[in-house]
Amino acid sequence: MSSHSSFMGLRGGALRAAMIALIVGPAFTVFGYNQSGLGPLASLRSFVSVFPQLNTLDVEGAELDTNSIRKGAVIASYQIGGLLGALSCLNVGDRLGRRKTIFMAAILTIIGEVLQTASYDLIQFVIGRVILGFGVGQFSVAIPVWLAECSSASHRGRDVITTGLFMCLGYALSNWIDFAFYFIKNSSLQWRLPLAVSNVPSLVVTGAIFFLPESPRWLASVGQYEQATTNLAALRNLSETDHALRTEMAQIESAIESSADQKKASLMEMFSKDDQEKLLYRFGLCFALQFFQQACGGGLISIYASTIFEENLGLGTINSKVLAAAALTWKFLCCFLAFWAIDRLGRRTVFMISGTGMSLCMVSLAVSSSFGSENYSSSIVSALFLFLFNIFYPLGFLGGNFLYCTEVAPVRLRVAMNSISTANHWLWNFVIALVTPIALNTIGYRYYIIYAVTSALIPIGVYFLYPETMNRNLELLNSVFRDASSPREIVAMARRLPQGELADDDSQSDSAKVKFDEKEMA
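A. Layout of the pattern of salt bridges. Tallied over the full model, the rule gives 11 salt bridges. Residue Arg158 is joined to Asp343 by a salt bridge in which the shortest nitrogen-to-oxygen separation is 3.6 Å. Placement of the pair is Arg158 in helix H6 (residues 153-181) and Asp343 in the loop between helix H14 (317-341) and helix H15 (347-369), with a sequence separation of 185 residues. A residue is classified by how much of its surface remains accessible, and Arg158, at 23% relative accessible area, is partly exposed. The salt bridge involving Arg347 is made with Asp343; its shortest N-O contact spans 2.8 Å. Like Arg347, the residue Asp343 is buried in the burial classification.

Below, the structure is given as C-alpha coordinates:
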(Lines give C-alpha, C1' and ligand atoms only; values in the text may rest on other atoms or scores of the structure.)
Protein backbone atom coordinates (compact mmCIF):
# COMPACT_ATOMS: atom_id res chain seq x y z
CA MET A 1 0.00 0.00 0.00
CA SER A 2 1.30 3.45 -0.85
CA SER A 3 2.41 5.58 2.07
CA HIS A 4 1.13 8.65 0.23
CA SER A 5 -2.49 7.76 -0.54
CA SER A 6 -4.97 10.40 -1.68
CA PHE A 7 -8.67 10.90 -2.44
CA MET A 8 -9.62 12.49 -5.74
CA GLY A 9 -5.90 13.24 -6.01
CA LEU A 10 -6.12 15.46 -2.92
CA ARG A 11 -4.41 15.39 0.48
CA GLY A 12 -4.22 17.53 3.59
CA GLY A 13 -5.79 20.97 3.39
CA ALA A 14 -6.99 20.50 -0.18
CA LEU A 15 -8.78 17.29 0.83
CA ARG A 16 -10.46 18.99 3.80
CA ALA A 17 -11.54 21.83 1.53
CA ALA A 18 -13.09 19.31 -0.86
CA MET A 19 -14.97 17.66 2.02
CA ILE A 20 -16.38 21.03 3.03
CA ALA A 21 -17.19 22.14 -0.53
CA LEU A 22 -18.78 18.88 -1.71
CA ILE A 23 -20.49 17.59 1.44
CA VAL A 24 -20.74 20.14 4.25
CA GLY A 25 -21.66 23.04 1.97
CA PRO A 26 -24.44 21.37 -0.05
CA ALA A 27 -25.89 19.40 2.91
CA PHE A 28 -26.16 22.33 5.31
CA THR A 29 -27.38 24.63 2.55
CA VAL A 30 -30.25 22.15 2.15
CA PHE A 31 -30.71 22.28 5.95
CA GLY A 32 -31.05 26.06 6.10
CA TYR A 33 -32.86 26.46 2.78
CA ASN A 34 -35.73 24.17 3.73
CA GLN A 35 -35.95 25.40 7.31
CA SER A 36 -36.38 29.00 6.22
CA GLY A 37 -37.92 28.67 2.76
CA LEU A 38 -41.51 27.66 3.48
CA GLY A 39 -42.32 30.54 5.83
CA PRO A 40 -42.49 33.20 3.08
CA LEU A 41 -44.06 30.80 0.55
CA ALA A 42 -46.91 29.84 2.88
CA SER A 43 -48.20 33.43 2.72
CA LEU A 44 -48.52 33.44 -1.09
CA ARG A 45 -52.00 33.36 -2.63
CA SER A 46 -50.83 30.76 -5.16
CA PHE A 47 -49.87 28.53 -2.23
CA VAL A 48 -53.06 28.93 -0.19
CA SER A 49 -55.16 28.41 -3.33
CA VAL A 50 -53.73 24.86 -3.49
CA PHE A 51 -53.83 24.43 0.30
CA PRO A 52 -56.80 26.53 1.54
CA GLN A 53 -56.52 24.93 5.00
CA LEU A 54 -53.45 27.14 5.55
CA ASN A 55 -55.04 30.43 4.44
CA THR A 56 -54.28 33.19 6.96
CA LEU A 57 -54.71 36.01 4.43
CA ASP A 58 -58.47 36.35 4.06
CA VAL A 59 -59.90 34.96 7.30
CA GLU A 60 -60.49 36.35 10.78
CA GLY A 61 -61.37 35.27 14.30
CA ALA A 62 -61.54 31.57 15.15
CA GLU A 63 -60.84 30.51 11.57
CA LEU A 64 -57.65 32.59 11.55
CA ASP A 65 -56.52 30.97 14.81
CA THR A 66 -57.24 27.49 13.44
CA ASN A 67 -55.46 28.13 10.16
CA SER A 68 -52.50 29.68 12.00
CA ILE A 69 -52.14 26.48 14.02
CA ARG A 70 -52.33 24.39 10.85
CA LYS A 71 -49.80 26.61 9.11
CA GLY A 72 -47.39 26.33 12.03
CA ALA A 73 -47.87 22.55 12.16
CA VAL A 74 -47.19 22.09 8.42
CA ILE A 75 -44.06 24.26 8.57
CA ALA A 76 -42.96 22.43 11.73
CA SER A 77 -43.46 18.96 10.20
CA TYR A 78 -39.95 19.46 8.76
CA GLN A 79 -38.65 19.72 12.32
CA ILE A 80 -40.50 16.53 13.34
CA GLY A 81 -38.75 14.75 10.49
CA GLY A 82 -35.45 16.25 11.63
CA LEU A 83 -36.00 15.00 15.17
CA LEU A 84 -36.74 11.46 13.94
CA GLY A 85 -33.78 11.56 11.55
CA ALA A 86 -31.41 12.62 14.33
CA LEU A 87 -32.68 9.82 16.57
CA SER A 88 -32.29 7.28 13.76
CA CYS A 89 -28.54 7.83 13.90
CA LEU A 90 -28.58 6.06 17.27
CA ASN A 91 -29.11 2.88 15.28
CA VAL A 92 -27.48 3.51 11.91
CA GLY A 93 -24.70 6.03 12.64
CA ASP A 94 -22.16 3.56 14.01
CA ARG A 95 -23.52 0.52 12.18
CA LEU A 96 -23.27 1.94 8.65
CA GLY A 97 -20.43 4.38 9.20
CA ARG A 98 -20.38 8.11 8.54
CA ARG A 99 -20.32 8.07 4.71
CA LYS A 100 -23.16 5.58 4.21
CA THR A 101 -25.31 7.46 6.70
CA ILE A 102 -24.68 10.72 4.84
CA PHE A 103 -25.49 9.06 1.49
CA MET A 104 -28.76 7.64 2.86
CA ALA A 105 -29.67 11.06 4.24
CA ALA A 106 -29.09 12.69 0.84
CA ILE A 107 -31.34 10.15 -0.89
CA LEU A 108 -34.11 10.81 1.64
CA THR A 109 -33.87 14.58 1.13
CA ILE A 110 -34.28 14.11 -2.63
CA ILE A 111 -37.38 11.93 -2.13
CA GLY A 112 -38.86 14.46 0.28
CA GLU A 113 -38.12 17.41 -1.99
CA VAL A 114 -39.79 15.70 -4.98
CA LEU A 115 -42.92 14.80 -2.97
CA GLN A 116 -43.17 18.31 -1.57
CA THR A 117 -42.69 20.06 -4.91
CA ALA A 118 -45.21 17.88 -6.76
CA SER A 119 -47.94 18.11 -4.10
CA TYR A 120 -51.56 18.99 -4.81
CA ASP A 121 -52.74 17.47 -1.53
CA LEU A 122 -51.80 18.69 1.94
CA ILE A 123 -51.17 15.15 3.25
CA GLN A 124 -48.64 14.47 0.47
CA PHE A 125 -47.00 17.81 1.15
CA VAL A 126 -46.61 17.01 4.86
CA ILE A 127 -45.29 13.49 4.15
CA GLY A 128 -42.70 14.94 1.77
CA ARG A 129 -41.72 17.55 4.32
CA VAL A 130 -41.29 14.94 7.08
CA ILE A 131 -39.12 12.73 4.83
CA LEU A 132 -37.06 15.76 3.82
CA GLY A 133 -36.61 16.68 7.48
CA PHE A 134 -35.66 13.07 8.30
CA GLY A 135 -32.78 13.21 5.84
CA VAL A 136 -31.66 16.64 7.05
CA GLY A 137 -31.81 15.39 10.65
CA GLN A 138 -29.36 12.65 9.70
CA PHE A 139 -27.15 15.26 8.02
CA SER A 140 -27.16 17.32 11.23
CA VAL A 141 -25.75 14.41 13.26
CA ALA A 142 -23.53 12.48 10.85
CA ILE A 143 -21.73 15.32 9.07
CA PRO A 144 -20.43 17.28 12.11
CA VAL A 145 -19.22 14.00 13.66
CA TRP A 146 -17.57 12.92 10.38
CA LEU A 147 -15.87 16.28 9.93
CA ALA A 148 -14.73 16.57 13.55
CA GLU A 149 -13.25 13.05 13.46
CA CYS A 150 -11.39 13.81 10.23
CA SER A 151 -10.05 17.23 11.25
CA SER A 152 -6.93 17.94 13.29
CA ALA A 153 -7.25 19.78 16.60
CA SER A 154 -5.93 23.03 15.13
CA HIS A 155 -8.46 23.06 12.26
CA ARG A 156 -11.43 21.32 13.87
CA GLY A 157 -13.18 24.49 15.00
CA ARG A 158 -13.07 26.30 11.67
CA ASP A 159 -13.88 23.13 9.73
CA VAL A 160 -17.02 22.27 11.72
CA ILE A 161 -18.15 25.90 12.06
CA THR A 162 -18.68 25.87 8.29
CA THR A 163 -21.84 23.85 9.00
CA GLY A 164 -23.41 27.00 10.41
CA LEU A 165 -22.00 29.17 7.66
CA PHE A 166 -23.62 27.09 4.94
CA MET A 167 -26.82 26.67 6.93
CA CYS A 168 -27.07 30.44 6.99
CA LEU A 169 -26.30 30.61 3.28
CA GLY A 170 -29.35 28.36 2.85
CA TYR A 171 -31.46 30.80 4.87
CA ALA A 172 -30.38 33.71 2.70
CA LEU A 173 -30.72 31.87 -0.62
CA SER A 174 -34.22 30.65 0.21
CA ASN A 175 -35.46 34.17 0.93
CA TRP A 176 -33.87 35.72 -2.17
CA ILE A 177 -35.13 32.90 -4.40
CA ASP A 178 -38.60 33.12 -2.84
CA PHE A 179 -38.54 36.86 -3.52
CA ALA A 180 -37.42 36.37 -7.14
CA PHE A 181 -40.28 33.95 -7.88
CA TYR A 182 -42.77 36.14 -6.02
CA PHE A 183 -43.26 38.07 -9.28
CA ILE A 184 -44.61 34.99 -11.09
CA LYS A 185 -48.29 35.75 -10.55
CA ASN A 186 -51.24 33.35 -10.58
CA SER A 187 -49.16 30.20 -10.92
CA SER A 188 -48.15 27.45 -8.51
CA LEU A 189 -44.66 27.73 -10.04
CA GLN A 190 -44.35 30.73 -7.74
CA TRP A 191 -43.75 28.29 -4.86
CA ARG A 192 -42.97 24.97 -6.59
CA LEU A 193 -39.80 26.18 -8.32
CA PRO A 194 -38.23 27.57 -5.12
CA LEU A 195 -38.91 24.25 -3.37
CA ALA A 196 -37.41 22.28 -6.29
CA VAL A 197 -34.12 24.22 -6.20
CA SER A 198 -32.82 22.36 -3.13
CA ASN A 199 -32.62 19.10 -5.10
CA VAL A 200 -29.39 20.33 -6.69
CA PRO A 201 -27.17 20.34 -3.55
CA SER A 202 -28.65 17.00 -2.44
CA LEU A 203 -27.56 15.47 -5.75
CA VAL A 204 -24.05 16.84 -5.24
CA VAL A 205 -23.79 15.05 -1.87
CA THR A 206 -24.95 11.72 -3.30
CA GLY A 207 -22.43 11.95 -6.12
CA ALA A 208 -19.42 12.99 -4.04
CA ILE A 209 -19.53 11.27 -0.66
CA PHE A 210 -17.90 7.95 -1.64
CA PHE A 211 -14.97 9.74 -3.29
CA LEU A 212 -14.00 11.18 0.10
CA PRO A 213 -12.43 9.44 3.14
CA GLU A 214 -14.36 7.63 5.86
CA SER A 215 -13.67 8.78 9.42
CA PRO A 216 -10.38 7.22 10.66
CA ARG A 217 -11.82 7.04 14.17
CA TRP A 218 -14.88 5.09 12.99
CA LEU A 219 -12.70 2.75 10.90
CA ALA A 220 -10.51 2.10 13.94
CA SER A 221 -13.60 1.46 16.09
CA VAL A 222 -14.65 -1.38 13.75
CA GLY A 223 -11.15 -2.85 13.58
CA GLN A 224 -10.08 -1.49 10.17
CA TYR A 225 -6.79 -0.07 11.48
CA GLU A 226 -4.91 -0.27 8.18
CA GLN A 227 -7.54 1.73 6.29
CA ALA A 228 -7.84 4.12 9.23
CA THR A 229 -4.10 4.81 9.05
CA THR A 230 -4.32 5.34 5.28
CA ASN A 231 -7.17 7.81 5.62
CA LEU A 232 -5.52 9.67 8.49
CA ALA A 233 -2.30 9.97 6.49
CA ALA A 234 -4.19 11.52 3.57
CA LEU A 235 -6.07 13.91 5.86
CA ARG A 236 -2.89 15.03 7.65
CA ASN A 237 -0.77 15.01 4.45
CA LEU A 238 1.79 12.77 6.13
CA SER A 239 3.46 9.50 5.29
CA GLU A 240 1.88 6.44 6.89
CA THR A 241 5.20 5.79 8.61
CA ASP A 242 5.50 9.34 10.01
CA HIS A 243 6.11 9.43 13.78
CA ALA A 244 3.45 12.09 14.47
CA LEU A 245 0.84 10.19 12.49
CA ARG A 246 1.65 6.88 14.20
CA THR A 247 1.41 8.54 17.60
CA GLU A 248 -1.97 10.10 16.81
CA MET A 249 -3.20 6.76 15.48
CA ALA A 250 -1.94 5.11 18.64
CA GLN A 251 -3.90 7.56 20.80
CA ILE A 252 -7.05 6.78 18.85
CA GLU A 253 -6.49 3.06 19.17
CA SER A 254 -5.69 3.30 22.86
CA ALA A 255 -8.91 5.23 23.54
CA ILE A 256 -10.93 2.63 21.62
CA GLU A 257 -9.27 -0.29 23.39
CA SER A 258 -9.89 1.23 26.82
CA SER A 259 -13.55 1.63 25.84
CA ALA A 260 -13.66 -1.95 24.62
CA ASP A 261 -12.72 -3.12 28.12
CA GLN A 262 -16.11 -1.84 29.27
CA LYS A 263 -19.52 -3.26 28.44
CA LYS A 264 -21.17 -2.65 25.09
CA ALA A 265 -21.48 1.08 24.40
CA SER A 266 -24.85 2.42 25.50
CA LEU A 267 -26.22 5.76 26.60
CA MET A 268 -27.62 3.97 29.65
CA GLU A 269 -24.05 4.00 30.99
CA MET A 270 -24.55 7.60 32.04
CA PHE A 271 -27.12 6.47 34.64
CA SER A 272 -24.68 3.99 36.13
CA LYS A 273 -23.44 4.52 39.69
CA ASP A 274 -19.95 3.92 38.32
CA ASP A 275 -20.05 6.74 35.74
CA GLN A 276 -16.31 7.42 35.85
CA GLU A 277 -16.29 9.27 32.52
CA LYS A 278 -18.94 11.81 33.63
CA LEU A 279 -21.20 10.74 30.75
CA LEU A 280 -24.33 12.23 32.30
CA TYR A 281 -22.55 15.54 32.81
CA ARG A 282 -21.27 15.54 29.22
CA PHE A 283 -24.70 14.67 27.89
CA GLY A 284 -26.16 17.53 29.94
CA LEU A 285 -23.68 19.95 28.35
CA CYS A 286 -24.73 18.86 24.84
CA PHE A 287 -28.43 18.77 25.67
CA ALA A 288 -28.42 22.27 27.19
CA LEU A 289 -26.35 23.74 24.36
CA GLN A 290 -28.73 22.46 21.68
CA PHE A 291 -31.67 23.78 23.72
CA PHE A 292 -30.07 27.22 23.95
CA GLN A 293 -29.42 27.19 20.19
CA GLN A 294 -33.17 27.31 19.59
CA ALA A 295 -34.43 28.98 22.78
CA CYS A 296 -32.34 32.10 22.17
CA GLY A 297 -34.58 33.14 19.23
CA GLY A 298 -32.38 32.22 16.27
CA GLY A 299 -34.96 29.88 14.75
CA LEU A 300 -37.66 32.51 15.22
CA ILE A 301 -35.72 35.02 13.11
CA SER A 302 -34.62 32.50 10.49
CA ILE A 303 -38.06 31.01 9.84
CA TYR A 304 -40.39 33.95 10.40
CA ALA A 305 -38.33 37.05 9.54
CA SER A 306 -40.59 37.94 6.61
CA THR A 307 -43.73 37.43 8.73
CA ILE A 308 -42.36 39.60 11.54
CA PHE A 309 -41.50 42.44 9.17
CA GLU A 310 -44.81 42.29 7.29
CA GLU A 311 -47.49 41.31 9.79
CA ASN A 312 -46.05 42.48 13.11
CA LEU A 313 -44.04 45.53 12.13
CA GLY A 314 -46.31 46.58 9.23
CA LEU A 315 -43.53 47.30 6.73
CA GLY A 316 -45.37 46.12 3.58
CA THR A 317 -45.04 42.96 1.49
CA ILE A 318 -42.18 43.91 -0.87
CA ASN A 319 -40.22 45.78 1.80
CA SER A 320 -40.66 42.88 4.22
CA LYS A 321 -39.41 40.27 1.75
CA VAL A 322 -36.38 42.38 0.85
CA LEU A 323 -35.64 43.11 4.52
CA ALA A 324 -35.97 39.44 5.48
CA ALA A 325 -33.63 38.36 2.67
CA ALA A 326 -31.19 41.15 3.58
CA ALA A 327 -31.30 40.25 7.28
CA LEU A 328 -30.47 36.61 6.54
CA THR A 329 -27.76 37.61 4.07
CA TRP A 330 -26.31 39.77 6.82
CA LYS A 331 -26.48 36.76 9.15
CA PHE A 332 -24.54 34.72 6.57
CA LEU A 333 -21.83 37.38 6.35
CA CYS A 334 -21.62 37.50 10.15
CA CYS A 335 -20.90 33.75 10.16
CA PHE A 336 -17.40 34.66 9.00
CA LEU A 337 -16.90 36.31 12.42
CA ALA A 338 -17.49 32.90 13.98
CA PHE A 339 -15.15 31.30 11.46
CA TRP A 340 -12.46 33.77 12.54
CA ALA A 341 -13.16 33.64 16.27
CA ILE A 342 -13.85 29.97 17.03
CA ASP A 343 -10.17 28.88 16.99
CA ARG A 344 -8.82 32.19 18.27
CA LEU A 345 -11.09 33.25 21.13
CA GLY A 346 -12.19 29.74 22.07
CA ARG A 347 -15.57 28.03 22.44
CA ARG A 348 -16.39 29.46 25.87
CA THR A 349 -15.72 33.06 24.90
CA VAL A 350 -17.82 33.03 21.73
CA PHE A 351 -20.73 31.33 23.54
CA MET A 352 -20.70 33.96 26.31
CA ILE A 353 -20.41 36.93 23.95
CA SER A 354 -23.14 35.48 21.75
CA GLY A 355 -25.57 34.88 24.63
CA THR A 356 -25.05 38.33 26.15
CA GLY A 357 -25.52 40.12 22.82
CA MET A 358 -28.64 38.14 21.90
CA SER A 359 -30.25 38.85 25.26
CA LEU A 360 -29.70 42.60 24.93
CA CYS A 361 -31.08 42.57 21.36
CA MET A 362 -34.21 40.67 22.40
CA VAL A 363 -34.86 43.10 25.28
CA SER A 364 -34.50 46.02 22.86
CA LEU A 365 -36.73 44.32 20.29
CA ALA A 366 -39.44 43.76 22.91
CA VAL A 367 -39.34 47.43 23.91
CA SER A 368 -39.32 48.86 20.39
CA SER A 369 -42.08 46.56 19.08
CA SER A 370 -44.33 47.28 22.07
CA PHE A 371 -45.36 50.59 20.46
CA GLY A 372 -47.26 48.73 17.73
CA SER A 373 -46.98 48.64 13.93
CA GLU A 374 -48.71 52.03 13.67
CA ASN A 375 -45.53 53.67 14.95
CA TYR A 376 -43.30 53.55 11.87
CA SER A 377 -40.20 54.81 13.69
CA SER A 378 -40.38 52.05 16.29
CA SER A 379 -40.80 49.49 13.50
CA ILE A 380 -37.56 50.72 11.92
CA VAL A 381 -35.79 50.45 15.29
CA SER A 382 -37.14 46.90 15.69
CA ALA A 383 -35.78 46.02 12.25
CA LEU A 384 -32.40 47.41 13.31
CA PHE A 385 -32.30 45.16 16.38
CA LEU A 386 -33.16 42.14 14.23
CA PHE A 387 -30.07 42.92 12.17
CA LEU A 388 -27.97 43.37 15.34
CA PHE A 389 -29.24 40.05 16.68
CA ASN A 390 -27.92 38.44 13.50
CA ILE A 391 -24.40 39.52 14.45
CA PHE A 392 -24.41 37.76 17.80
CA TYR A 393 -26.40 34.60 16.98
CA PRO A 394 -24.05 33.08 14.36
CA LEU A 395 -21.01 33.97 16.45
CA GLY A 396 -21.74 31.13 18.88
CA PHE A 397 -24.78 29.18 17.77
CA LEU A 398 -24.62 28.51 14.05
CA GLY A 399 -22.22 25.59 13.99
CA GLY A 400 -20.52 26.10 17.33
CA ASN A 401 -23.18 24.02 19.07
CA PHE A 402 -22.67 21.07 16.69
CA LEU A 403 -18.90 21.41 17.04
CA TYR A 404 -18.84 21.41 20.82
CA CYS A 405 -21.08 18.37 21.13
CA THR A 406 -18.77 16.31 18.91
CA GLU A 407 -15.76 17.36 21.00
CA VAL A 408 -16.99 16.48 24.50
CA ALA A 409 -18.54 13.09 23.60
CA PRO A 410 -16.36 9.94 23.96
CA VAL A 411 -15.61 8.16 20.69
CA ARG A 412 -17.74 5.08 21.42
CA LEU A 413 -20.81 7.22 22.20
CA ARG A 414 -20.10 10.19 19.94
CA VAL A 415 -22.87 9.45 17.44
CA ALA A 416 -25.35 8.31 20.10
CA MET A 417 -24.82 11.36 22.29
CA ASN A 418 -24.99 13.70 19.32
CA SER A 419 -28.11 11.95 18.06
CA ILE A 420 -30.02 12.62 21.28
CA SER A 421 -28.73 16.15 21.79
CA THR A 422 -29.39 17.09 18.16
CA ALA A 423 -32.86 15.54 18.41
CA ASN A 424 -33.38 17.96 21.31
CA HIS A 425 -32.35 20.77 18.93
CA TRP A 426 -34.99 19.60 16.45
CA LEU A 427 -37.62 19.25 19.20
CA TRP A 428 -37.28 22.89 20.25
CA ASN A 429 -37.01 23.95 16.62
CA PHE A 430 -40.39 22.23 16.12
CA VAL A 431 -41.92 23.92 19.17
CA ILE A 432 -40.79 27.36 18.02
CA ALA A 433 -41.96 26.82 14.43
CA LEU A 434 -45.34 25.63 15.75
CA VAL A 435 -46.08 28.25 18.40
CA THR A 436 -44.57 31.37 16.81
CA PRO A 437 -47.51 32.23 14.49
CA ILE A 438 -49.89 31.89 17.46
CA ALA A 439 -47.63 33.75 19.91
CA LEU A 440 -47.07 36.69 17.58
CA ASN A 441 -50.84 37.00 17.11
CA THR A 442 -51.61 36.80 20.84
CA ILE A 443 -48.87 38.02 23.20
CA GLY A 444 -46.98 40.08 20.58
CA TYR A 445 -43.86 41.85 21.85
CA ARG A 446 -43.92 39.89 25.15
CA TYR A 447 -42.85 36.85 23.14
CA TYR A 448 -39.37 38.34 22.74
CA ILE A 449 -38.92 38.62 26.52
CA ILE A 450 -38.86 34.81 26.78
CA TYR A 451 -35.88 34.68 24.42
CA ALA A 452 -34.16 37.53 26.25
CA VAL A 453 -34.28 35.63 29.55
CA THR A 454 -33.12 32.35 28.00
CA SER A 455 -30.21 34.03 26.21
CA ALA A 456 -29.13 35.68 29.47
CA LEU A 457 -28.66 32.23 31.02
CA ILE A 458 -26.09 31.23 28.37
CA PRO A 459 -23.02 33.17 29.62
CA ILE A 460 -23.71 32.12 33.22
CA GLY A 461 -23.99 28.42 32.39
CA VAL A 462 -21.00 28.42 30.05
CA TYR A 463 -18.71 30.21 32.53
CA PHE A 464 -19.28 27.72 35.34
CA LEU A 465 -19.94 24.43 33.54
CA TYR A 466 -18.41 24.28 30.05
CA PRO A 467 -14.72 23.31 29.65
CA GLU A 468 -12.69 24.82 26.83
CA THR A 469 -12.17 22.43 23.90
CA MET A 470 -10.36 24.70 21.43
CA ASN A 471 -7.29 23.01 19.92
CA ARG A 472 -7.48 20.15 22.44
CA ASN A 473 -6.83 16.55 21.45
CA LEU A 474 -10.13 14.62 21.65
CA GLU A 475 -8.58 11.63 23.41
CA LEU A 476 -6.85 13.80 26.05
CA LEU A 477 -10.07 15.77 26.56
CA ASN A 478 -11.79 12.48 27.30
CA SER A 479 -9.25 11.81 30.06
CA VAL A 480 -10.05 15.18 31.67
CA PHE A 481 -13.67 14.18 32.20
CA ARG A 482 -12.54 10.83 33.59
CA ASP A 483 -9.93 12.22 36.01
CA ALA A 484 -11.61 15.38 37.33
CA SER A 485 -13.90 15.17 40.37
CA SER A 486 -16.21 18.16 39.77
CA PRO A 487 -17.40 20.50 36.99
CA ARG A 488 -15.18 23.25 38.38
CA GLU A 489 -12.15 20.96 38.19
CA ILE A 490 -13.09 19.83 34.67
CA VAL A 491 -13.17 23.46 33.51
CA ALA A 492 -9.83 24.17 35.19
CA MET A 493 -8.08 21.02 33.89
CA ALA A 494 -9.28 21.58 30.33
CA ARG A 495 -7.85 25.09 30.43
CA ARG A 496 -4.42 23.64 31.30
CA LEU A 497 -4.41 20.94 28.61
CA PRO A 498 -1.62 21.27 26.02
CA GLN A 499 -2.88 22.62 22.71
CA GLY A 500 -2.39 20.68 19.49
CA GLU A 501 -3.12 17.19 18.23
CA LEU A 502 -0.30 15.53 20.16
CA ALA A 503 0.70 16.11 23.75
CA ASP A 504 4.44 16.52 24.21
CA ASP A 505 5.98 14.08 26.69
CA ASP A 506 2.60 12.60 27.44
CA SER A 507 2.98 9.17 28.98
CA GLN A 508 -0.40 8.06 27.66
CA SER A 509 0.79 8.81 24.13
CA ASP A 510 3.97 6.82 24.67
CA SER A 511 2.19 3.77 26.04
CA ALA A 512 -0.40 3.99 23.30
CA LYS A 513 2.31 4.08 20.66
CA VAL A 514 3.84 0.91 22.11
CA LYS A 515 0.47 -0.81 21.68
CA PHE A 516 0.26 0.43 18.10
CA ASP A 517 3.76 -0.82 17.26
CA GLU A 518 3.02 -4.21 18.80
CA LYS A 519 -0.14 -4.53 16.69
CA GLU A 520 1.79 -3.52 13.54
CA MET A 521 4.32 -6.30 14.18
CA ALA A 522 1.67 -8.93 14.95
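Next comes the rest of the account.
B. Structural context of the side chain of Lys321. For Lys321, the location among the structural elements is in helix H14. Dropping the residues within four chain positions of it, Lys321 is found in contact with Pro40, Leu44, Phe179, Tyr182 and Ser306.

C. Geometry of the environment of Leu337. Along the chain, the position of Leu337 falls in helix H14. Considering only alpha carbons, one finds Leu337 and Arg482, 145 residues apart in sequence, at a separation of 33 Å. When neighbours within four sequence positions are excluded, Leu337 is seen to be in contact with Ile391 and Leu395.

D. Main features of the confidence of the model for the protein chain. On average, residues of the protein chain score 85 in pLDDT, and 92% of them are at 70 or above. In this model residues 503-522 is a low-confidence stretch, pLDDT under 50, and it forms 29 contacts with partners more than four residues away in sequence or in other chains.

E. Representation of the packing of H15 against helix H16 (residues 376-397) in the model. In contact at an axis separation of 8 Å, H15 and H16 are set at 165 degrees when each is read in the N-to-C sense. One way to sum up the angle between H15 and H16 is to call them roughly antiparallel. Crossing hand, H15 versus H16: left-handed. Across the interface between the two elements, Val350, Phe351, Ile353, Ser354, Gly357, Met358, Cys361, Met362, Ser364, Leu365, Ser368 and Ser369 from H15 touch Ser378, Val381, Ser382, Phe385, Leu386, Leu388, Phe389, Phe392, Tyr393, Leu395, Gly396 and Phe397 from H16. Class assignment of the residues belonging to the contact of H15 with H16 gives a composition of 16 nonpolar, eight polar and no charged.

F. Representation of the packing of aromatic side chains. The full count for this structure, using the stated rule, is 25 aromatic pairs. A centroid spacing of 5.6 Å and a plane angle of 55 degrees characterise the contact between Phe291 and Phe292, whose relative ring orientation is tilted. On the basis of relative accessible area, Phe291 is assigned to the partly exposed category, the value being 25%. Ring centres of Phe351 and Phe397 lie 5.3 Å apart, and the angle between their planes is 35 degrees; this geometry places the pair in the tilted category.

G. Local environment of a nonpolar patch on the surface. Among the surface-exposed residues, Leu457, Ile460, Tyr463, Phe464 and Leu465 lie close enough to one another that they form a single nonpolar patch of about 520 Å² accessible area. With respect to the helices and strands, the residue Phe464 is situated in helix H19 (residues 446-465). For Phe464, a relative accessible area of 54% puts it in the exposed group.

Criteria and thresholds
Residues numbered from 1 in each chain as written. Predicted model: local features only at pLDDT ≥ 70, side-chain atom pairs only at ≥ 80, totals over all residues. Heavy atoms only, no water. Salt bridge = Lys/Arg side-chain N within 4 Å of Asp/Glu carboxyl O. Helix = DSSP H or I, 4+ residues; strand = E, 2+ residues; numbered from the N terminus. Buried < 20%, exposed > 50% of the residue type's maximum accessible area, 1.4 Å probe, protein only. Contact = heavy atoms within 4.5 Å. pLDDT = per-residue confidence, 0-100. Axes fitted to C-alpha atoms, helices over the stretch in contact; angles between N-to-C directions. Parallel < 35°, antiparallel > 145°, perpendicular 65-115°, else oblique. Left-handed = near helix turned anticlockwise from the far one by under 90°. Nonpolar A, V, L, I, M, F, W, Y, C, P; charged D, E, K, R; others polar. Phe/Tyr/Trp six-rings, centres within 6.5 Å; stacked < 30°, edge-to-face > 60°. Patch = residues over 30% accessible without salt bridge, like charges linked within 9 Å, V, L, I, M, F, W, Y side chains within 5 Å. Areas by Shrake-Rupley, 256 points an atom, 1.4 Å probe, with all protein chains shown as cover.

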